[in-house]
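Secondary and tertiary structure notes
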Amino acid sequence: MYRISLLVLILGLLLAGCGKGGGASNRYEKYDSLFDFKKPLAHGDNDVVQVFAGRDVLAKNLDLLKRLIENEITLVYPEKHFEVQTAEFGELEVKSKYRNVIFLGDLESTDQVSEFLRNSLDKKLLDKVRTSGAELFSMTNYWVRDQQVLFFMAQNSVQLQELVEKRGEHAFNLLLERYLARLGYQAYQLKLFSPKFFESYPFALKLPENFRLFSNDKEGGFLSFLYRPRIPDRDIPDKYLSVYYEAMPADSISQEWMIKTRKAIGDKYFDGDILIEDSLSFAPISFAGFKALKMRGRWENHKHVIGGTFMAYAFLHEPSKRIYFVDNSVFFPAGDKLPFLLELSVISSTLEIK
């Protein structure tokens, strides 16, 4: 799982505080409002979720909740978006201060968590539960800064199970949205890559300055950036962000076109990268304000005996009649790749078509 050092977090908070003075900022400040600085620091990692529930409630709901919230996907190997951990009610004082917290309870059960929710949730929220039978409430920075708290609250245990089944995926999306915002906040503590660089291109990116130019083929419609530590370190990944574009008169984006395009990019610009086709998956998605098709899979390079994973997004920009292919690729044999793909997706989503 992805771990963020206390030193990095403290540096980020200090930089955020310094950025509140006068004058124009050369940072991307979209995520600066993530924290409530009047509250104490949250505990725990970005991807750990503490779940409070009575014993009977856990027995009926935990398996499904874990499957929906952890949302395991296969990259080079299976990886989870989140790690769900159960917390005892006696740990409430400490673990309610974690970044991601979920409560499960109802109006009729006698367990300590349900009783706590009946006594602590606002009366208007409880009235909503009595009226509808079940509700999912979402609150940010509830007890501490940078916190996402979700309350699954129902009239009874049966309706609570139904609520988890119906709204569990939405709960995952809320947690993921917060996770992505955290990654964005951390990435954009640095200054931006010079905006002037993009003046001659049909698009622009909010790119942190620790990326450097990797490949620039303006005639071929391909531009790529790389983050790599100056001193080689197996515990730090190589991260590639690439944008390819070509003229297309109609929206003919397809899985076949994405496969063909990614193969051509790998062969021409990444020194013979090949696509592992049986690893590919596709899904429609909203990306940078456009309806896009997402492709996820693995790549290998037999020449250099390396491999990794990627996510790519394709969409049509109707005014310019251009199709765009945005590729995020990670090489990191030492650990999980998903957190870095998610970080790259946040940076890539700043893409602006001129």
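Structure: see above.
Structural notes, computed from the coordinates. Small disclaimer: the values here were computed from a predicted structure and weren't measured.

**Considering the sheet that holds strand 6 (residues 134-140)**
The strand order 4-1-5-7-6 describes an open sheet built from 5 strands, whose pairing is mixed. At either end of the open sheet lies a strand with only one pairing partner, and these are strand 4 (83-87) and strand 6. Taking the axes of each pair of neighbouring strands and ignoring which way they run, one obtains an average angle of 20 degrees across the sheet. This element, helix 6 (residues 157-187), spans strand 1 (48-52), strand 5 (100-106), strand 6 and strand 7 (148-154) of the sheet and lies at about 170 degrees to strand 7.

**Some thoughts on the environment of Lys-239**
Here Lys-239 shows up in strand 11 (residues 238-247). In this structure the C-alpha to C-alpha distance between Lys-239 and Gly-168, which are 71 residues apart in sequence, comes to 31 Å.

**Digging into the layout of surface pockets**
By volume, the second largest pocket amounts to about 510 Å³. Together, 21 residues line the second largest pocket, and Leu-176, Leu-180, Ile-285, Lys-294 and Ser-345 are the ones closest to its centre. Those elements that provide at least two residues to the lining of the second largest pocket are helix 6, strand 12 (274-287), strand 13 (290-301), strand 14 (306-317) and helix 8 (338-348). Split by residue class, the lining of the second largest pocket holds 12 nonpolar, 7 polar and 2 charged.

**A few points about unusual backbone geometry**
Within the chain, Asp-146 stands out as a residue other than glycine whose phi angle is a positive 55 degrees. Structurally, the position occupied by Asp-146 is in the loop between strand 6 and strand 7. Using a relative accessible area of 2% as the deciding quantity, one classes Asp-146 as buried. The backbone of Lys-321 shows a phi angle near 55 degrees, a positive value even though the residue is not glycine. If you trace the backbone, Lys-321 turns up in the loop between strand 14 and strand 15 (322-331). Take Lys-321: its relative accessible area is 36%, and that puts it in the partly exposed class.

**A word on the pattern of salt bridges**
Taken as a whole, this structure holds 20 salt bridges when the rule is applied. Note that Lys-268 is salt-bridged to Asp-217, the shortest N-O span being 3.6 Å. Taken together, the residues span a long stretch of sequence, with Lys-268 in helix 7 (residues 255-269) and Asp-217 in strand 9 (residues 212-217) at a distance of 51 residues. Given a relative accessible area of 56%, Lys-268 falls into the exposed group. Among the ionic pairs, Lys-303 bridges to Asp-271, the shortest N-O distance being 3.0 Å. Highlighted residues: Lys-303 in the loop between strand 13 and strand 14 and Asp-271 in the loop between helix 7 and strand 12, separated in sequence by 32 residues.

**Thoughts on the pairing of strand 11**
With 8 of its 10 residues buried, strand 11 lies for the most part within the structure. As judged from the 6 bridges shared by strand 10 (residues 222-227) and strand 11, these two strands associate in the antiparallel manner. Paired with Phe-222 across the two strands is Tyr-244, which belongs to strand 11.

**With respect to the packing of aromatic side chains**
Each aromatic ring pair is summarised here by two numbers: the centre-to-centre distance and the angle between the ring planes. On inspection of all chains with the given rule, the structure shows 39 aromatic pairs. Measuring from centroid to centroid gives 4.8 Å for Tyr-28 and Tyr-188, while their planes differ by 75 degrees, and the two rings are edge-to-face. Within this pair, whereas Tyr-28 is found in the loop between helix 1 (6-18) and strand 1, its partner Tyr-188 is found in the loop between helix 6 and strand 8 (203-204), the two being separated by 160 residues in sequence. Of the residues examined, Tyr-188 reaches a relative accessible area of 1% and is grouped as buried. Here the aromatic rings of Tyr-142 and Trp-143 are separated by 4.5 Å at their centres, their planes lie at 75 degrees, and the arrangement is edge-to-face. Taking relative accessible area as the criterion, Tyr-142 reaches 28% and is therefore assigned partly exposed. Its relative accessible area of 26% is what places Trp-143 among the partly exposed residues.

**Re the packing of helix 2 (residues 55-70) against helix 6**
In contact at an axis separation of 9 Å, helix 2 and helix 6 are set at 25 degrees when each is read in the N-to-C sense. It follows from the interaxial angle that helix 2 and helix 6 lie roughly parallel. Crossing geometry of helix 2 relative to helix 6 is assigned as right-handed. Residue-level contacts link Val-57, Lys-60, Asn-61, Leu-64, Leu-65, Leu-68 and Ile-69 of helix 2 to Ser-157, Leu-160, Gln-161, Val-164, Glu-165, Gly-168, Glu-169, Ala-171, Phe-172 and Leu-175 of helix 6. Partitioned by chemical class, the residues of the contact of helix 2 with helix 6 number 10 nonpolar, 4 polar and 3 charged.

Each value, and the rule that gives it
Residues numbered from 1 in each chain as written. Predicted model: local features only at pLDDT ≥ 70, side-chain atom pairs only at ≥ 80, totals over all residues. Heavy atoms only, no water. Pairing = 2+ DSSP bridges. Helix = DSSP H or I, 4+ residues; strand = E, 2+ residues; numbered from the N terminus. Axes fitted to C-alpha atoms, helices over the stretch in contact; angles between N-to-C directions. Contact = heavy atoms within 4.5 Å. 1 Å grid on protein atoms, 1.4 Å probe; cavity = no way out; pocket = protein on both sides within 12 Å on 5 of 7 lines; lining within 4 Å. Points joined across faces, edges and corners; volume = space filled by probe spheres on them. Nonpolar A, V, L, I, M, F, W, Y, C, P; charged D, E, K, R; others polar. Buried < 20%, exposed > 50% of the residue type's maximum accessible area, 1.4 Å probe, protein only. Salt bridge = Lys/Arg side-chain N within 4 Å of Asp/Glu carboxyl O. Phe/Tyr/Trp six-rings, centres within 6.5 Å; stacked < 30°, edge-to-face > 60°. Parallel < 35°, antiparallel > 145°, perpendicular 65-115°, else oblique. Left-handed = near helix turned anticlockwise from the far one by under 90°.

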